[in-house]
Each structure stands twice: as structure tokens, then as C-alpha cells.
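Each chain, letter by letter, is given below.
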Amino acid sequence: MSENPLWDFSLAVYGRPGVSAACLDLQDRLGQDVNVLLFAAWAGMACKADLPADELARIDSAVAPWRAEVVRPLRAVRRRAKGEDDALYRRLKAAELEAERVQQDRLFALSGLTPAPGGGVTLAAANLYRLVPEGDPAVMTLLAALGTPPEP
């Protein structure tokens, strides 16, 4: 466990079947930030938070410079190196993951949220639908995975 429950949640959820593909689809197809998607889900699932659209926009705007100046360039270089230099690719992947952890630390701090009982998929869905149009197949996949207990 880290000092950031959002990061712990993200690591646990991202490994569930279908989650990474759904998040990457929303990132590549709609320009959504995977970390903000996971934050919205965490807020509803773990913190019982129903976040207004303006709060999600405020938090997203606050981390946008880091995403634009650090995370996306690392992702672009990593994707470019894929298949050409495995050692470099692995180091870039680790650096990108660390940059995303920093972004999630910032999301957690900016939100002021802490885990609380009573959250669930319904609140996660409400938060996610403020980022992505309701009924998007990738969001439906993500919500289905959130409703599935984690594998032991």
C-alpha cells in the first residue's frame, strides 16, 4: 500500500480484464486522460463522491500541464521506441508509469477526498459520464469491470 489510495485503487483496477483496453480506447479515441478516468471511478467507488462536472474540469485543468509536458512526451517516445530497442522501451515505460504516479499524487492532493464507505459503481458511473458520453462501449466495459470483485 502506498500513501496514495488513488494510486493503489488504480493499480488494482487497471489489472482487471478489459480495463486497460477500455481506458486506452477512451484515451486514443476521445482524448480522455486515463488517470482522470481512474480518478473519477475511484472518487465514486472508494470515496462515495458524486463529482460535479466543474470539479472534474478544475482537477483535470490543474494536472493538464504535467500531462502535456511530461506524460504525453514520454508516451510518444516510448511508443516510438517499441520494437526497436527493448531495453530503452522498458526504461521509458517505467518512466511513463512514474510520471503517471506523480500525476495521480497531484490528483489525490487536489481532490481533498479520502476513502469512505458507501461508494459504488453507480457513483463511479455518474462521475465517468461527466467525462464521456453515457453509453460509450468502453465506459460500459470499465463499469462492468468495476462491478466485478478483484481476483485473489
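Quick caveat: nothing in here was measured; it's all calculated off a predicted structure.

Caption draft 1: Spotlight on the nonpolar core. Ranked by size, the top nonpolar core spans 36 residues in total, and within it F39, W42, L113, L128 and L146 carry the most contacts. Every element with two or more residues in this core is listed here: α1 (5-14), α2 (19-30), α3 (34-46), α4 (53-81), α5 (86-111), α6 (121-129) and α7 (137-146).

Caption draft 2: Structural detail: α4. With 29 residues, α4 extends just 37 Å between its outermost C-alpha atoms, more than 12% less than the 42 Å of an ideal straight helix rising 1.5 Å per residue. The principal kink in α4, of about 50°, is found at R67. Along α4, the residues classified as buried are L56, I59, V63, R67, V71, R75, R78 and A81. Those residues of α4 hidden inside the fold are in contact with α2, α3, α5 and α6.

Caption draft 3: The packing of aromatic side chains, seen in detail. Under the counting rule described, the total for this entry stands at two aromatic pairs. Ring geometry for F39 and W42: centres 6.0 Å apart, planes at 40°, overall tilted. Separated by three residues within a single helix, F39 and W42 lie in helix α3, roughly one turn from each other. Each ring, one from W42 and one from F108, has its centre 5.9 Å from the other, and the planes form 70°; the classification is edge-to-face. Pair noted here: W42 is in helix α3 and F108 is in helix α5, with a separation of 66 residues, a long-range link.

Caption draft 4: Highlighting the environment of D86. For D86, the location among the structural elements is in helix α5. Looking at D86, the relative accessible area reads 52%, which means it is exposed.

Caption draft 5: Highlighting the packing of α1 against α5. Interaxial distance between α1 and α5 falls to 8 Å at its minimum, and their mutual angle equals 130°. Put simply, α1 runs oblique to α5. The chirality of how α1 crosses α5 is right-handed. Within the contact between the two elements, α1 uses P5, L6, W7 and S10 and α5 uses L97, E100, R101, Q104, L107 and F108. Here the contact of α1 with α5 is built from residues that sort into six nonpolar, two polar and two charged.

What counts, and where the lines are drawn
Residues numbered from 1 in each chain as written. Predicted model: local features only at pLDDT ≥ 70, side-chain atom pairs only at ≥ 80, totals over all residues. Heavy atoms only, no water. Core = buried A, V, L, I, M, F, W, Y, C linked by side-chain atoms within 4.5 Å. Buried < 20%, exposed > 50% of the residue type's maximum accessible area, 1.4 Å probe, protein only. Helix = DSSP H or I, 4+ residues; strand = E, 2+ residues; numbered from the N terminus. Expected span 1.5 Å × (residues − 1). Bend = angle between axes of the 7 residues up to and from the residue. Contact = heavy atoms within 4.5 Å. Phe/Tyr/Trp six-rings, centres within 6.5 Å; stacked < 30°, edge-to-face > 60°. Axes fitted to C-alpha atoms, helices over the stretch in contact; angles between N-to-C directions. Parallel < 35°, antiparallel > 145°, perpendicular 65-115°, else oblique. Left-handed = near helix turned anticlockwise from the far one by under 90°. Nonpolar A, V, L, I, M, F, W, Y, C, P; charged D, E, K, R; others polar.

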